[in-house]
Amino acid sequence: MTVTDSSSTLAGRSPLATAHAQLSSAIEILGYDEGLHAMLATPRREITVAIPLRRDDGTTELFTGYRVQHNITRGPGKGGLRYAPGVDPDEVRALAMWMTWKCAVVDLPYGGAKGGVTIDPRQYSQAELERVTRRYTSEIMPMIGPERDIMAPDIGTDEQTMAWVMDTYSVNKGYTIPAVTTGKPVAMGGSLGRATATSRGVVHSARAALADAGVDLRDVSVAVQGFGKVGSHATRFFADAGARVIAVSDQYGGVQAADGLDVAALTAHVTATGSVVGFAGGDPIDNDALLALDVDVLVPAAVEGVLDEVTAQTVKARWVVEGANGPTTGAGDQVLADRGIVVVPDILANAGGVVVSYFEWVQANQTYWWTEAEIEERLEQRMLASYANVAQVARAEGLSLRDAALTIGVRRVAEAHQIRGLYP
């Protein structure tokens, strides 16, 4: 098998090209052979399904859905379900691969998986999205389950989506199985603290990276690209910790204020209007200009590939803390490294969500739920310990934080492969 290498893909913005380039870099550092490289690069299982939808007006549309299990050597697959018009097989494969390394970096007993449906959820009613979700779940049922593959929300999906998945799976099995999904409503067996876990993890990672340089979070300015599930809560947590959040943006545009945004007022504005655009407490700014702001910490928390070889040249921040999955391309990463900008990589920085998903899965299996304070304490401990491990490897081996995190994750998965052996 030929594995895509970094020399041919670094310039690309494709998430899968970026994921393969990152893996190739880790394989080179670790000295693994081509056979193991091929195993680690290739999804274990994947399925493509047709999803017919009877719309509210009686017409029928057909969508395509995917589920990819990249690696299940360390445990069941774990990964989100994404509803977006740009979902395609390669994006899902890349996201599943990143989940494999992410779970290994924070030492969870999971492999990496991801799912998606090529649909713009904003164009469909709640009842239509329920029908899409239930049909998608029924089509992929042989691949999922609390011991096989556990879904969670992602772009375009939420806790209600997870409740529909859980119910569909449970009805088909004949009894209630809360552990088949995470990120569910608390009333349906979800965990306290899950909705904000990814955002808290981003802030914990940022605090740890700043502390390595002797800088306090209260003394920095922050810009956040993306004001969705991750960015909105991260903005609030940064402000609560004393940081000065001077700019945020979403898919429609952005807003900035040199003295710091009133995050509470901004959140109220977004709740009322659906966007940060038009907020009276700041001046308009577009997404590319936000990436180039003179801030201490930049948090790309939207989609993949926003920091490429062009936009990375404009970054003035000292730290980039990746709230999104794959926001920096391979070429962009090299530019940032050459310019001395510290990147706290996605597979570490945004791992808070999967950490608390793991807690939710454990609680569901035990049918015993923890307090929010217990969740947040355990999350902070896991994130800070994981950051410390990555930083120690980076210092000891002269690596970037990304390469250190990748080598930790890839090594743990490779060791599991080697210990288990090949069957037959």
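Residues numbered from 1 in each chain as written. Predicted model: local features only at pLDDT ≥ 70, side-chain atom pairs only at ≥ 80, totals over all residues. Heavy atoms only, no water.

Draft legend 1. Structural view of the sheet that holds strand β4 (residues 111-118). Reading across the sheet, the five strands line up as β1-β2-β4-β3-β5 and stay open at both edges, with mixed pairing between neighbours. Either end of the sheet is taken by a strand with one partner, and the two such strands are β1 (45-54) and β5 (149-153). Looking at each pair of strands side by side, their axes are set apart by 20° on average, direction ignored. Across six bridges, strand β2 (residues 60-71) lies against β4 in antiparallel orientation. Residue pairing in the sheet places Q69 in a bridge with A113 of β4. Packing against the sheet, helix α6 (residues 159-173) makes contact with β3 (77-84) and β5, and its axis sits at approximately 150° to β5. (Pairing = 2+ DSSP bridges. Helix = DSSP H or I, 4+ residues; strand = E, 2+ residues; numbered from the N terminus. Axes fitted to C-alpha atoms, helices over the stretch in contact; angles between N-to-C directions. Contact = heavy atoms within 4.5 Å.)

Draft legend 2. Quick peek at unusual backbone geometry. Between Y423 and the following residue, P424, the backbone shows a cis peptide bond with an omega angle of 0°. Looking at the element boundaries, P424 is found in the segment after α15 (401-420). One non-glycine residue with positive phi stands out, namely D107, at about 60°. Looking at the element boundaries, D107 is found in the loop between α4 (89-105) and β4. Taking the relative accessible area as the measure of exposure, D107 reaches 47% and is therefore partly exposed. Residue T367 is not a glycine yet carries a positive backbone phi of 50°. (Buried < 20%, exposed > 50% of the residue type's maximum accessible area, 1.4 Å probe, protein only.)

Draft legend 3. Representation of empty space enclosed by the protein. If you walk through the whole model with that rule in mind, you get one cavity of 30 Å³ or more. Lining the largest cavity are E46, I47, T48, Y66, R67, V68, P89 and R93. Elements that contribute at least two residues to the lining of the largest cavity include exactly β1, β2 and α4. Class assignment for the residues of the lining of the largest cavity results in four nonpolar, one polar and three charged. (1 Å grid on protein atoms, 1.4 Å probe; cavity = no way out; pocket = protein on both sides within 12 Å on 5 of 7 lines; lining within 4 Å. Points joined across faces, edges and corners; volume = space filled by probe spheres on them. Nonpolar A, V, L, I, M, F, W, Y, C, P; charged D, E, K, R; others polar.)

Draft legend 4. Up close: the packing of aromatic side chains. Evaluated as defined, the whole model comprises six aromatic pairs. Taken together through their ring pairs, the aromatic side chains of Y110, Y358, F359, W361 and W370 make up a single cluster. The lysine or arginine in question, R200, covers the ring of F237, its NZ or CZ lying 4.1 Å from the ring centre. The ring of W370 has R378 lying over it, and the distance from NZ or CZ to the ring centre is 4.0 Å. (Phe/Tyr/Trp six-rings, centres within 6.5 Å; stacked < 30°, edge-to-face > 60°. Lys NZ or Arg CZ within 6 Å of the ring centre and 35° of its normal.)

Draft legend 5. The arrangement of the layout of surface pockets in detail. When its volume is computed, the second largest pocket comes out at roughly 410 Å³. Every element with two or more residues in the lining of the second largest pocket is listed here: α2 (15-30), α11 (330-338), β12 (342-344) and α15. No other element matches α11, which puts six residues into the lining of the second largest pocket. For the lining of the second largest pocket, the residue count by class is 10 nonpolar, eight polar and three charged.

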